[in-house]
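Overview (structure and organization)
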Amino acid sequence: MPFNFKPLEIEEVVLIEPRSFSDDRGYFYESYKRSDFVAFGITDLFMQDNQSRSKKNVIRGLHYQTNPKAQAKLVRCVHGEIFDVAVDIRKNSPTYKKWVGAVLNEENKAMLYIPAGFAHGFSVLSNSAEVCYKASDEYSPENDAGILWSDPEIGVKWGITNPIISEKDAILPTIENAINNFIYDKE
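Residues numbered from 1 in each chain as written. Predicted model: local features only at pLDDT ≥ 70, side-chain atom pairs only at ≥ 80, totals over all residues. Heavy atoms only, no water.

Pairing is possible between side chains that carry opposite charge, provided their charged atoms lie close to one another. Inspection of every chain in the model, using the stated rule, returns 10 salt bridges. For Arg25, the salt bridge is made with Asp23, and the minimal N-O distance between the two is 2.6 Å. A cluster of three or more residues bridged by salt bridges with shared partners is formed by Glu12, Asp88 and Arg90. (Salt bridge = Lys/Arg side-chain N within 4 Å of Asp/Glu carboxyl O.)

Moving on to the environment of Ala116. Residue placement: Ala116 occurs in the loop between strand S10 (111-114) and strand S11 (118-124). Since its relative accessible area comes to 37%, Ala116 is described here as partly exposed. Ala116 has contacts with Ala70, Gln71, Ala72, Arg90 and Phe182, leaving out every residue within four places of it along the chain. (Helix = DSSP H or I, 4+ residues; strand = E, 2+ residues; numbered from the N terminus. Buried < 20%, exposed > 50% of the residue type's maximum accessible area, 1.4 Å probe, protein only. Contact = heavy atoms within 4.5 Å.)

Our focus in this paragraph is the pairing of strand S7 (residues 73-79). If a strand is regular, its side chains alternate between the two faces of the sheet. One ladder, built from four bridges, connects S7 with S10; its direction is antiparallel. Bridge pairing links Lys73 to Ile114 in S10. In this sheet, strand S12 (residues 128-135) lies alongside S7 in antiparallel orientation, the contact comprising six bridges. Each residue of the ladder has a partner; that of Cys77, found in S12, is Val131. (Pairing = 2+ DSSP bridges.)

As paired elements, strand S5 (residues 48-55) and S12 share eight bridges and run antiparallel to each other. Within S12, the position partnered with Asp49 by the bridge is Lys134.

Ordered in space as S1-S2-S10-S7-S12-S5, the six strands form an open sheet in which the pairing is antiparallel. This sheet does not close on itself; its edge strands, each paired only once, are strand S1 (3-7) and S5. Taken pair by pair, the neighbouring strands of this sheet meet at an average axis angle of 25°, ignoring direction. Judged from the five bridges that link them, S1 and strand S2 (residues 14-18) form a sheet pairing that is antiparallel. Across the sheet, the residue bridging to Phe3 is Pro18, located in S2. (Axes fitted to C-alpha atoms, helices over the stretch in contact; angles between N-to-C directions.)

In this structure, the largest pocket encloses a volume near 480 Å³. Lining the largest pocket are 24 residues, and of these Arg60, His63, Lys73, Tyr133 and Lys168 sit closest to its centre. By residue number, the principal contributor to the lining of the largest pocket is strand S6 (residues 59-65), which donates five residues. Grouping the amino acids of the lining of the largest pocket by side-chain chemistry returns nine nonpolar, 10 polar and five charged. (1 Å grid on protein atoms, 1.4 Å probe; cavity = no way out; pocket = protein on both sides within 12 Å on 5 of 7 lines; lining within 4 Å. Points joined across faces, edges and corners; volume = space filled by probe spheres on them. Nonpolar A, V, L, I, M, F, W, Y, C, P; charged D, E, K, R; others polar.)

And the structure:
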């Protein structure tokens, strides 16, 4: 298997490290192989790819889509470095309102799998960063939702000072006031 799957402290969120093959020409690695992901237990069928470019100290998030258009995401940083964050927003979950994060960059080529029921965001640690991610459903404006990046009840440690926040993200509600129809269901 060309991937090393490492569940984080919230075990549904998984850090994925691909095997990279390098020589004097450069490198090659598989960034996604459905059969390997399914063998590990990640069965989402990804429907849309997204890419963003951001400058240093930008925070994007915390974003998610509500049911029935909830999205799982597979996030990677192809240029620069980010601190990628997932927040459990599933009511009744033992890890509700908890967050985990990982550094993703062009050197480690690591990816973060974030299942539906989690809010997602990242901060840019390098001068600029390009982030690509797969989503398990298409963008749905009527299901678009988010939580304030600085919600004190969640307390994400973004690893930057003087954050740059979009107008939209700056006025997102706290988790207590956010639109959220996720309920934890241990199957």
